[in-house]
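Overview (structure and organization)
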Amino acid sequence: MAIEFNNEYISIVMEANLSTPDEIKQFIEDSDEACNIRMPAVVLDMKNVREINSAGIAKILKLYKNLQSLKVKLFMINLDDSVVPTLKSLMMFSLIKYFDDPRDFTL
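Regarding the pattern of salt bridges
Inspection of the entire model under this criterion finds 2 salt bridges. With a shortest N-O distance of 3.9 Å, Lys25 and Glu29 are connected by a salt bridge. Of this pair, Lys25 and Glu29 are both found in helix α1 (residues 21-36), 4 residues apart, which corresponds to roughly one turn of the helix. With its nearest N and O atoms 3.4 Å apart, the salt bridge here joins Arg50 to Asp80. Placement of Arg50 in the loop between β3 (41-45) and α2 (54-69) and of Asp80 in the loop between β4 (73-77) and α3 (84-89) is noted, with a sequence separation of 30 residues between them. Residue class for Arg50 comes out partly exposed when judged on its relative accessible area of 44%.

Structure (structure tokens):
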């Protein structure tokens, strides 16, 4: 995972799934770093995520809660078709807005 800086937001680029302890640990570290940097928004770029388990979802929700307390918005882009049904069934999109095309993302 990597954190990229843009003019108005930070992007966490997921380089792997969110289904193993090592992947989730890396996500937590990047999430903590993103919370410490004061920008108006954080974007999760999920282009490489093909699998996500309940622990991974819990960590995304924890990031959402932490950012909410800081008045920072969280968005998702580049969702793979394999994870969309899971996220929809958990009503994640009622909390976190996502964009099919990253070019549509604007604050």
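Here we look at unusual backbone geometry
The phi dihedral of Lys71 falls on the positive side, at around 65 degrees, and the residue is not glycine. Considering the arrangement of structural elements, one finds Lys71 in the loop between α2 and β4.

Reading guide: rules and limits
Residues numbered from 1 in each chain as written. Predicted model: local features only at pLDDT ≥ 70, side-chain atom pairs only at ≥ 80, totals over all residues. Heavy atoms only, no water. Salt bridge = Lys/Arg side-chain N within 4 Å of Asp/Glu carboxyl O. Helix = DSSP H or I, 4+ residues; strand = E, 2+ residues; numbered from the N terminus. Buried < 20%, exposed > 50% of the residue type's maximum accessible area, 1.4 Å probe, protein only.

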